[in-house]
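What the coordinates show
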Amino acid sequence: MHPSWRIFAGIYGDCQNGGFSAGVESSKPEFGLKVDSVFGSVNMEPTFACILWTSFMNASFAPAPMTFGEVRHDWTRAEITALFALPFSDLMFQAQSVHRTYFNPNEVQVSTLCSIKTGACPEDCAYCPQSARYDTGLEREKLMAVEKVIEEAKAAKASGATRFCMGAAWRSPKNKDMPYVTTMVQGVKALGLETCMTLGMLDENQAQALADAGLDYYNHNLDTSPEYYGEIITTRTYQDRLETLANVRKAGMKVCCGGIVGMGEEENDRAGLLQQLANMSEHPESVPINMLVKVGGTPLENEADLDPFDFVRTIAVARILMPKSHVRLSAGREQMNEQTQAMAFLAGANSIFYGEKLLTTPNPEANKDMQLFSKLGIKPEAYEVHEDESEQEASIVHQLQEAAMDSLFYNAAK
Ligand code: SAM
Ligand code: DTB
Ligand code: SF4
């Protein structure tokens, strides 16, 4: 047969003439369709034939309807591994679809970090420049004075941040530290900023004290998969971390929890970390995905670079698994080019740390970030209005409406 001939077997519908036929057809595009043999045909009212034909086509040939953005807590490792294994474009398409279900894709939440207590940490986290066990050349500092923290928060607000994250190099806060940190929370909150702290492990009372002071978010990362965890930290367990997270939830604060990639782990470990996060009974509201910042003197200083595509894949899978969470393109941006960061936003990242320093290592300069936002048409996400503030706003709107009505009546009376 001439190669341009095509053969089909099946059922043919003809809406115009109200008929169906079953059979084999062969076609040659240049000459139009030619039905070679018809096994049987039915004739009916054209509109009915059309409805029947459309339903048949939808049922048989339309791709299964995809549901994007279902919030689940029962992800299996195999499902997550399968997402990681998707062709890059398919993964990005799914992540984008989920992202657009819940978020404006052109808005990114902006947080600023402040190290309120630097260095000399007793823990042995292999990635961390602040561990007292590694000689990283970092100067240790005492707990920052409350007034100084408030000054830093004011500067962060002035430069456009909406959340102020205070971090301390502690295994856990001492009870004598609590009055200072709770005063910091109150002071920063009074500026109209969202507050976040990361102080290490918390017991129930400490979590409650922070919640009572008005702390919005507590950051405590799982860092990696349960299987790989022991390669990175030995001084506290995975279970310790889960308990702190449970105490944070119980106290009513929002959870900021994520991890680090590029620590020599395998893709299965990245899947394992995301599985732990996604199967929590409530997803963390904020999920920081950090690219390891390799710091001289730490055990991971010579770790091989993670391929940027694998980093972006991790963001995309996090977005699919936790559709309503803010996924943060966290540490490591200083070492990333603009194109990788743009891909991370395309993959569903919608939060960053903004300002020239993370806790102790460099972050891109503010104006560089603003240029990137402008090139990509991204706007900083506005700080969500809280209930009491929305009441205030509603009352302002009401007053404005009343004023408008008054002037109408005034004019009418003239
Ligand atoms: N000491 C507290 C704790 O560990 O919970 C709070 C501060 S600690 C620096 C907060 C998080 O920063 C860590 O859990 C880790 O995920 C991240 N981090 C620390 N050093 C990092 C590095 N070199 N690269 C990327 N992320 C890092
Ligand atoms: C998080 O996940 N990343 C931030 C924040 N939570 C506290 C810290 C990144 C620290 C990077 C290394 C440093 O600057 O010391
Ligand atoms: Fe200490 Fe936190 Fe660094 Fe671990 S990550 S060494 S707990 S400051």
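Residues numbered from 1 in each chain as written. Chains lettered and ligands numbered in written order. Predicted model: local features only at pLDDT ≥ 70, side-chain atom pairs only at ≥ 80, totals over all residues. Heavy atoms only, no water.

Attention shifts here to the overall build of the protein chain. Each helix and strand counted, the protein chain has 13 helices and 13 strands in total. For the protein chain, buried positions account for 48% of its 414 residues. A total accessible area of about 20800 Å² is found for the protein chain, and carbon and sulfur atoms account for 55% of it. (Helix = DSSP H or I, 4+ residues; strand = E, 2+ residues; numbered from the N terminus. Buried < 20%, exposed > 50% of the residue type's maximum accessible area, 1.4 Å probe, protein only. Areas by Shrake-Rupley, 256 points an atom, 1.4 Å probe, with all protein chains shown as cover.)

What follows covers the pattern of salt bridges. Under the counting rule described, the total for this entry stands at 18 salt bridges. Close ionic contact of R72 with E79 constitutes a salt bridge, the shortest N to O distance being 2.9 Å. Residues E204 and K250 are paired through a salt bridge, measuring 2.8 Å at the closest nitrogen-oxygen approach. Of this pair, E204 sits in helix α6 (residues 204-213) while K250 sits in helix α8 (residues 238-250), and the two are 46 residues apart along the sequence. (Salt bridge = Lys/Arg side-chain N within 4 Å of Asp/Glu carboxyl O.)

Further remarks concern the side chain of D216. One can find D216 in the loop between α6 and β7 (217-219). Take D216: its relative accessible area is 11%, and that puts it in the buried class. For D216, the side chain forms a polar contact with the side chain of K189, separated by 3.0 Å. (Polar contact = N/O pair within 3.5 Å; in protein donor to acceptor, adjacent residues only side chain to side chain.)

A word on unusual backbone geometry. At A120, a position not held by glycine, the phi torsion is positive, near 60°. With respect to the helices and strands, A120 occurs in the loop between β4 (107-117) and α4 (146-158).

We now examine helix α10 (residues 308-321). For α10, spanning 14 residues, the distance from its first C-alpha to its last is 20 Å, which sits close to the expected 20 Å at 1.5 Å a residue. In terms of burial, α10 is largely enclosed, as eleven of its 14 residues are buried. Of the positions making up α10, those classed as buried are F311, V312, R313, T314, I315, A316, V317, A318, R319, I320 and L321. A distance of 2.8 Å separates the backbone nitrogen of F309 from a side-chain oxygen at the start of α10, and that oxygen is part of D307. (Expected span 1.5 Å × (residues − 1).)

All right, on to empty space enclosed by the protein then. Across all of its chains, the model carries two cavities of 30 Å³ or more by this definition. The calculated volume of the largest cavity comes to roughly 840 Å³. Lining the largest cavity are 40 residues, and of these Y127, C128, Q130, N221 and L359 sit closest to its centre. Broken down by secondary-structure element, the contributors of at least two residues to the lining of the largest cavity are β5 (163-168), β6 (194-198) and β10 (286-291). Taken together, the residues of the lining of the largest cavity break down into 23 nonpolar, twelve polar and five charged. (1 Å grid on protein atoms, 1.4 Å probe; cavity = no way out; pocket = protein on both sides within 12 Å on 5 of 7 lines; lining within 4 Å. Points joined across faces, edges and corners; volume = space filled by probe spheres on them. Nonpolar A, V, L, I, M, F, W, Y, C, P; charged D, E, K, R; others polar.)

Residues in close proximity to ligand 2 total 13 residues, the closest being N221, N290, L359, T360 and T361. At 3.0 Å from an oxygen atom of ligand 2 is found a main-chain nitrogen or oxygen belonging to L359. Within the side chain of T360, a nitrogen or oxygen atom sits 2.7 Å from an oxygen atom of ligand 2. Contact with the protein chains hides 88% of the accessible area of ligand 2, taken as 410 Å² for the molecule alone. Applying the majority rule of atoms within 2 Å of the grid points places ligand 2 in the largest cavity. Of the residues belonging to the shell around ligand 2, the class tally is six nonpolar, seven polar and no charged. (Near = heavy atom within 4 Å. Sits in = over half its atoms within 2 Å of the grid points.)

This brings us to the site of ligand 1. Taken together, 17 residues lie around ligand 1, and Y127, T198, N221, D223 and V293 are the ones closest in. Within the backbone of V293, one N or O atom sits 3.0 Å away from a nitrogen atom of ligand 1. Contact with the protein chains covers 90% of the free accessible surface of ligand 1, which is 560 Å². A molecule is said to occupy a pocket when more than half its atoms come within 2 Å of that pocket's grid points, and by this definition ligand 1 occupies the largest cavity. Among the residues making up the shell around ligand 1, the classes are represented as ten nonpolar, five polar and two charged.

Remark: helix α2 (residues 77-84) packs on α10, axes separated minimally by 10 Å, with the N-to-C direction vectors making an angle of 130°. Relative to α10, the element α2 is oriented oblique. α10 is crossed by α2, and the crossing has right-handed handedness. Here α2 contributes I80, L83 and F84 to the contact with α10, which in turn contributes R313, T314, V317, I320 and L321. Of the residues assigned to the contact of α2 with α10, the class counts are six nonpolar, one polar and one charged. (Axes fitted to C-alpha atoms, helices over the stretch in contact; angles between N-to-C directions. Parallel < 35°, antiparallel > 145°, perpendicular 65-115°, else oblique. Left-handed = near helix turned anticlockwise from the far one by under 90°. Contact = heavy atoms within 4.5 Å.)

For the rest of this paragraph, the subject is the environment of L358. Tracing the backbone shows L358 in the loop between β12 (351-353) and α12 (366-376). For L358, the contacting residues outside a window of four places in its chain are L113, A331, G332, F353 and N363.

Turning next to α4. In this model α4 runs 19 Å from its N-terminal to its C-terminal C-alpha over 13 residues, within 8% of the 18 Å that 1.5 Å per residue would give. By the burial criterion, the buried members of α4 are V146, V149, I150, A153 and A156. Taken end-on, α4 shows its buried residues confined to a sector of 120°, consistent with a single buried face. α4 presents E147 and A158 as exposed residues on the side facing more than 90 degrees away from its buried surface. Along its buried surface, α4 packs onto β4, β5 and α5 (178-190). In the stretch just after α4, G160 is the one whose phi turns positive, near 110°. (Arc of directions from axis to C-beta.)

A few words now on the nonpolar core. With 92 residues, the main nonpolar core has I116, Y127, M197 and L210 as its most contacted residues. A per-element tally of this core places α10 first, with eight residues. Sequence-distant contacts of Y127, that is, excluding residues within four places in its chain, are made with D223, I232, I233, R241, I260, M263, L292, V293, T298 and L300. One finds L113, C165, V295 and A331 within the second-largest nonpolar core, a separate group that totals nine residues. (Core = buried A, V, L, I, M, F, W, Y, C linked by side-chain atoms within 4.5 Å.)

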